[in-house]
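# Architecture and fold: a report
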Amino acid sequence: MDPDQSHQSQQLAGRTALVTGGGSGIGRAVAGRLAADGAHVIVLDRNEASARQVASEIGGEHLVADLGDRDAIDALGLGTEVRADILVNNAGLQHVAPIEDFDPDTFALIHRVMLQAPFLLARGLLPGMYAGGWGRIVNISSAHGHRASAYKVAYVSAKHGLEGLSKVIALEGAVRGVTSNTVCPGYVRTPLVEAQIADQATTHGIAEEDVLRDVMLARAAVKRLIEPDEVAGLVAFLCGPGTGSITGTSHLMDGGWTAS
Ligand code: NAP
């Protein structure tokens, strides 16, 4: 989180934002930025310690739930105990393996966390947004929502599905003041990517130090990892003033990867 954000305008004052996976990486940066912009932020994560820590740092509250578990999502009391007019669907995980070796249970888990949970959270929170005539849903997709990479069958298919979910929400929410968009980063400097460097080294049979240059950034024109605060800035923009007509769109922040 950028400490210089404290002087920014309070353009989200009066809003409540639920950020999933808010205890780490991009979600943590998004939670901090939305709080700096004046929102009350609910940090949801499966990891209680990190959710509590981030919430206390930003003056928000925390919720603990495993988004791979539908009963745990139902138990949150969405729309009753938990209400929000901004939803950032960010929680995610990666698994790298050839399709023939890809564990079907891992495939299903990735789809539950990264596609079913965003649907369930939107389903639970949209009625409250509709009642207030205003809502913002930002789905953290990926360049992998637009492009495939070998060995990432669950992640790539879940992100492509998330692109579709986001568009349907946009169409249904348009007349009720709710926008829905995706943000699609390339590789961001987070624990998820740090873990992938080791996985990719094993899968491709190359040294970890070569993974970043020869695999991850091979197709990007901007040859550096993206910082979480850069992603958070784009999310904050999509929740801010003057964005009522930006809906059903997909915002690439991929260092030019998909331009090539
Ligand atoms: P991260 O640092 O690993 O953070 C992900 C967070 O989601 C963690 O706090 C994690 O908790 C939480 N989470 C995972 N499974 C969960 C579950 N079942 N229930 C609740 N919370 C769960 O990852 P990140 O890099 O910030 O990624 C955030 C999002 O950005 C993901 O959707 C990812 O696909 C997307 N993205 C990332 C990149 C990148 O390069 N980093 C690029 C494009 C898109 P634990 O710590 O307990 O696992």
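Throughout this document, residue positions are counted from 1 along each chain, in the order its sequence is written. Reporting of local features is limited, given that this is a predicted model, to residues whose pLDDT is at least 70; pairs of side-chain atoms are given and counted only at 80 or more, and all residues count toward the totals for whole chains, interfaces and linings. Think of the side-chain values as coming from all heavy atoms in the structure, minus any hydrogens and water.

### A short note on the overall build of the chain
Scanning the chain from terminus to terminus reveals 8 helices and 7 strands. Two things to know: the radius of gyration comes from C-alpha atoms, and the globule rule equals 2.2 Å times the number of residues to the power 0.38. Against the 2.2 N^0.38 benchmark of 18 Å for 260 residues, the chain shows a C-alpha radius of gyration of 18 Å, consistent with a compact globule. Overall, the C-alpha framework of the chain stretches about 50 × 40 × 35 Å when taken along its three principal axes. A 1.4 Å probe rolled over the protein chains alone gives each residue an accessible area, and that area as a share of the maximum for its type sets the label: buried under 20%, exposed over 50%, partly exposed in between. Residue burial in the chain is summarised as follows: out of 260 residues, 50% are buried. Taking all contacts inside the chain whose residues are at least 6 apart in sequence as the whole, residues at least 24 apart take part in 69%. The sign given to each residue is positive for Lys and Arg and negative for Asp and Glu; His and the chain ends receive no count. In this description, the location of a charge corresponds to atom NZ of lysine, CZ of arginine, CG of aspartate or CD of glutamate. Distance from the positive charge centre (20 side chains) to the negative charge centre (29 side chains) of the chain: 7 Å. Runs of H or I in DSSP of at least four residues are treated as helices and runs of E of at least two as strands, each being numbered from the N terminus. Contacts were defined at the residue level, with two residues in contact if any of their heavy atoms lie within 4.5 Å.

### Notes on the site of the ligand
If even one non-hydrogen atom of a residue comes within 4 Å of a molecule or strand, that residue is called near it. Taken together, 28 residues surround the ligand, and among them Asp45, Arg46, Tyr155, Val188 and Thr190 come closest. The separation between an oxygen atom of the ligand and a polar side-chain atom of Arg46 is 2.6 Å. Think of a polar contact as two N or O atoms within 3.5 Å of one another; within protein, one of them needs to be a possible hydrogen donor and the other a possible acceptor, and neighboring residues in sequence only count if both atoms come from side chains. The contact in question runs from an oxygen atom of the ligand to an N or O atom on the side chain of Tyr155, over 2.5 Å. Taking 890 Å² as the accessible area of the ligand by itself, protein coverage stands at 91%. When the residues that make up the shell around the ligand are grouped by side-chain class, the tally is 13 nonpolar, 11 polar and 4 charged. Accessibility throughout is a Shrake-Rupley quantity obtained with a 1.4 Å probe, and a residue counts as covered only by protein chains that appear here. Each residue gets one label: Ala, Val, Leu, Ile, Met, Phe, Trp, Tyr, Cys and Pro are nonpolar, Asp, Glu, Lys and Arg are charged, and the others, such as Gly, are polar.

### A short note on the side chain of Lys152
Looking at the element boundaries, Lys152 is found in the loop between strand 5 (135–140) and helix 5 (153–173). In what follows, salt bridge is the name for a side-chain nitrogen of Lys or Arg lying within 4 Å of a carboxyl oxygen of Asp or Glu. This buried residue, Lys152, is left without a salt bridge; Asp199 holds the nearest opposite charge, at 8.9 Å. In this structure Lys152 touches Gln94, His95, Val96, His144, Tyr187, Gln196 and Gln200, once residues within four positions along its chain are discounted.

### Considerations on the confidence of the model for the chain
On average, residues of the chain carry a pLDDT of 95, and 97% of them reach 70 or more. By definition, pLDDT measures how confident the predictor is in each residue, and it falls between 0 and 100. Predicted confidence is poor over residues 1–7, with pLDDT under 50, and the contacts of this stretch with residues over four places away or in other chains come to 11 contacts.

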